[in-house]
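# Results of the structural survey
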Amino acid sequence: MIVNYLKQPFPGIENEYELEPDKVKVDLGSGFNKLPGYIKIDYHPHKGNINIICDLEKDPLPFNDNFVDVLRATHILEHISNLKHLMQECYRVLKPESLMHIVVPCYPAPLAFQDPTHVRYFTDETIEKYFCKRSETNTKWYVLPYLENTNFELVSSWVYGDKVSNLVSDVIVKAIK
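Each chain carries its own residue numbering, running from 1 in the written order of its sequence. pLDDT decides what is reported in this predicted model: residues at 70 or higher carry local features, side-chain atom pairs at 80 or more are listed and counted, and totals for whole chains, interfaces and linings draw on all residues regardless. Only heavy atoms go into the side-chain values, all of them from the structure, while hydrogens and water stay out.

## Side note on the overall build of the protein chain
For clarity, the threshold we go by: A helix here means a DSSP run of H or I that spans at least four residues, while a strand means a run of E at least two residues long, and both kinds are numbered starting from the N terminus. Only protein chains enter the area calculation, which uses a 1.4 Å probe; residues under 20% of their type maximum are buried, those over 50% are exposed, and those in between are partly exposed. Working rule for contacts: check all heavy atoms of both residues, and any pair within 4.5 Å makes them a contact. All accessibility values rest on the Shrake-Rupley procedure with a 1.4 Å probe; residue burial counts only the protein chains present in the view.
Check the secondary structure of the protein chain and you find 4 helices and 8 strands. Counting from the amino terminus, the protein chain carries its helices and strands in the arrangement β-α-β-β-β-β-α-β-α-α-β-β. Buried residues in the protein chain amount to 47% of all 177 residues. Counting contacts in the protein chain only where the partners sit at least 6 residues apart, residues at least 24 apart contribute 61% of the total. Just so you have it, the protein chain exposes about 9,100 Å², and 54% of that area is on carbon and sulfur atoms.

And the structure:
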C-alpha cells in the first residue's frame, strides 16, 4: 500500500453521496459539523445540531444491522478508549460493501499528542494494520484478532497537511460481508 501525501484534504466520500438523499449517512462524533443529509451522533448534546445522543464508548449504535450506507468518523477515533467496541458496531450497522471515512491526527504531528482528550495515537498505517484483514493484495503485518467478526477492506489512505504539525490520516474502508 502506497500512502499518498497531499497538502490539501482528500475529497473523501461526502461529495460522492451528497446528491443521493436516499442513502443513510451517519456522522459519528459530529460536534459542530453541519453535513447536509447526515444523521449526527455525539455524546455531548450541547455541541450543536445533534440528532442522536450516544456514548460511542459503550452504547450500541442505534441502527439495525446492515442499515447504514456511509459512516463518517472525522477526528473522533482518537478520543475513544473502547475503539474495538466502536469499530465492531460500525461494521455491524454498515451495509455490505458500504464505506466508512476515517480522519485522525497522524504521527508525528504534535496535534496528535497535545490535546489532553486524545486517548490514542495513529500513524499512516494504523487503520490498515489493525482494522483491515490480511489478504493476497494486503500483506502487511497485522495484530489479529483485534477486531473479531469484522472484515474491513482498505479503499484508500492519504496523509495530508501543510506541515508536520498538522498531519492527518484520511482513510476509507469498505465493509466486506
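There's plenty left to go through after this.
## Comments concerning the environment of K84
With respect to the helices, strands and loops of the structure, K84 is situated in helix α2 (residues 83-93). Owing to a relative accessible area of 29%, K84 belongs among the partly exposed residues under this scheme.

## Brief notes about the packing of aromatic side chains
We apply this condition: Ring geometry is summarised as follows: Phe, Tyr and Trp rings, the Trp one being its six-membered ring, pair when their centres sit within 6.5 Å, and such pairs are stacked at plane angles under 30 degrees, edge-to-face over 60 and tilted between the two.
According to the stated counting rule, one finds 4 aromatic pairs in the structure shown. Where F63 meets F67, the ring centres are 6.0 Å apart and the plane angle is 15°; that geometry is what we call stacked. With relative accessibility at 9%, the residue F63 sits in the buried group. Taking the centre distance of 5.3 Å and the plane angle of 80° together, the rings of Y91 and F152 count as edge-to-face. Taken together, the positions of Y91 in helix α2 and F152 in strand β7 (residues 152-160) put the pair 61 residues apart, joining distant regions of the chain.

## A word on the environment of K58
With respect to the helices and strands, K58 occurs in the loop between β4 (52-53) and β5 (68-74). You can call K58 exposed: its relative accessible area is 60%. Here the alpha-carbon distance between K58 and N82, two residues 24 residues apart in the chain, equals 7.3 Å.

## Considerations on unusual backbone geometry
Glycine aside, residues mostly have negative phi angles, and peptide bonds mostly take the trans form. Residue P108 is reached from Y107 by a cis peptide bond, and omega for that bond is 10°. With respect to the helices and strands, P108 occurs in the loop between β6 (94-105) and α3 (110-114). Phi at H75 is positive, roughly 55°, even though this residue is not glycine. Summarising the element assignment, H75 is placed in the loop between β5 and α2. Residue classification places H75 among the partly exposed positions, given a relative accessible area of 32%. Phi is positive for E97, close to 70°, though the residue is something other than glycine. Among the structural elements, E97 can be located in strand β6.

Just geometry here; none of it tells us what the structure is for.
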